[in-house]
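Structure assessment
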Amino acid sequence: MDFTIDKYCQFLDALLQSGMSFKLRHDVDRLPANSLRTAQLEKERNIAATYYFRCVPESYNPDIIKQIAKLGHEIGYHYESLTTRKGNLEEAFLDFCRNLEVLRSLAPVHTICMHGSPRSPWDSRDLWKHFDYHSLGIDYEPYLDTDFSDKLYLTDTGRRWDGYHVSLRDKIPQYQDQWDRQGLSFHTTDQIIAQLLDPDSTLRRTGYTLLITTHPQRWNPFGMRYLTELGTQTLKNVVKHYLIRKKTNH
């Protein structure tokens, strides 16, 4: 079974055992209590990650944000202002600034990351074609400030590790073909773990730094929440696949 808490612990342990360089990021789209749980598991292993919180009720939880920061993790802003402001640039920038200050009242925030909003026609990264987030004391936006030439991006978007097939925005298209040719496309967590633990594996031989994104709401003990997440994400993948085909045809 994949995407259980036990499997997440196995994944963390394999990362550490491999000796590979990695950076771990979490998009807290919803169920922030799940993020507190993964933050505690990482703290037990002396792993520091970045947790990107949205400023919407299903993600924003001041107490949990402060607890995660106290565990030694970095807090970031998972922004979606162009979507929430329906493409209005001025309103979106003001919304971004307000939300940034709200998060900064809880913890230092020097990094931001776009929330994909797959059903939205707006890509919130387009905000930075007109404004400069560095002027707000932001040092890093992973999609815009990362040199991927010596890195491998792994994300559990779509509740699968090859979810770039059904993702509108959480992917690095200019490098994905290269990674695929190298045999670095994985579907399950066990496939990644096996490569991490094998010193002669393709993954270990590349010497890449791993940039890993997870969505903690996906990782649950087996039970009703696990089954609900599985069913919901399966349906979402069908919808996203349809949207991708529709966009391609246009």
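Described below are features of the structure shown in this document.

Reading the values: the criteria
- Residues numbered from 1 in each chain as written.
- Predicted model: local features only at pLDDT ≥ 70, side-chain atom pairs only at ≥ 80, totals over all residues.
- Heavy atoms only, no water.
- Buried < 20%, exposed > 50% of the residue type's maximum accessible area, 1.4 Å probe, protein only.
- Helix = DSSP H or I, 4+ residues; strand = E, 2+ residues; numbered from the N terminus.
- Pairing = 2+ DSSP bridges.
- Axes fitted to C-alpha atoms, helices over the stretch in contact; angles between N-to-C directions.
- Left-handed = near helix turned anticlockwise from the far one by under 90°.
- Contact = heavy atoms within 4.5 Å.
- Nonpolar A, V, L, I, M, F, W, Y, C, P; charged D, E, K, R; others polar.
- Salt bridge = Lys/Arg side-chain N within 4 Å of Asp/Glu carboxyl O.
- Phe/Tyr/Trp six-rings, centres within 6.5 Å; stacked < 30°, edge-to-face > 60°.

**Remarks on the pairing of strand 5 (residues 151–155)**
- Burial runs high along strand 5: 5 of the 5 residues are buried.
- In strand 5, alternate side chains face the same way, and those of Lys151, Tyr153 and Thr155 on one face and Leu152 and Leu154 on the other are all buried.
- One ladder, built from 5 bridges, connects strand 5 with strand 6 (residues 209–214); its direction is parallel. What sits directly across from Tyr153, in strand 6, is Leu211.

**Digging into the packing of helix 1 (residues 5–18) against helix 2 (residues 32–44)**
- Between helix 1 and helix 2, the shortest axis-to-axis distance is 11 Å and the interhelical angle comes to 35°. For helix 1 against helix 2, the interelement crossing comes out right-handed. Contacts between helix 1 and helix 2 involve Ile5, Tyr8, Cys9 and Leu12 from the former and Arg37, Thr38, Leu41 and Glu42 from the latter.
- Of the residues in the contact of helix 1 with helix 2, the class split is 5 nonpolar, 1 polar and 2 charged.

**A word on unusual backbone geometry**
- Residues other than glycine seldom take positive phi values, yet Phe3 does so here, at roughly 60°.
- Looking at the element boundaries, Phe3 is found in the segment before helix 1.

**As for the pattern of salt bridges**
- Inspection of the entire model under this criterion finds 15 salt bridges.
- Ionic pairing is found between Glu58 and Arg54, a salt bridge with its closest N-O pair at 3.7 Å.
- Residue Glu58 is classed as partly exposed on the basis of its relative accessible area, which comes to 39%.
- What makes Arg54 buried here is its relative accessible area of 10%.
- Each member of the salt-bridge network shares a partner with another, and the members are Arg30, Asp156, Arg218 and Glu229.

**Here's the deal with the packing of aromatic side chains**
- Applying the stated criterion across every chain, the model contains 17 aromatic pairs.
- Judged by centre distance (5.8 Å) and plane angle (70°), the rings of Tyr79 and Trp128 are edge-to-face. Of this pair, Tyr79 sits in strand 3 (residues 74–79) while Trp128 sits in the loop between strand 4 (112–114) and strand 5, placing them 49 residues apart in sequence. The residues Tyr79 and Trp128 share a single accessibility class, namely buried.
- Ring centres of Trp161 and Trp219 lie 6.4 Å apart, and the angle between their planes is 55°; this geometry places the pair in the tilted category. Remark: Trp219 occurs in the loop between strand 6 and helix 9 (224–249) and Trp161 occurs in the loop between strand 5 and helix 6 (173–181); sequence separation between them is 58 residues.

**Overview of the sheet that holds strand 3**
- In spatial order, the strands read 4-3-2-1-6-5; together these 6 strands make up an open sheet with parallel pairing. Edge strands, defined here as strands with exactly one partner in the open sheet, are strand 4 and strand 5. On average, each strand axis in the sheet is tilted by 25° relative to the strand beside it, whichever way the strands run.
- Bridge analysis of strand 3 against strand 4 gives 3 bridges, and the strand direction is parallel. Looking at the pairing, Tyr77 lines up with Ile112 of strand 4.
- In the packing of helix 3 (residues 62–70) onto the sheet, the strands contacted are strand 2 (50–53) and strand 3, and the crossing angle to strand 2 comes to about 165°.
- Across the sheet, helix 5 (residues 89–104) lies against strand 2, strand 3 and strand 4, angled at about 155° from strand 3, the strand it touches most.

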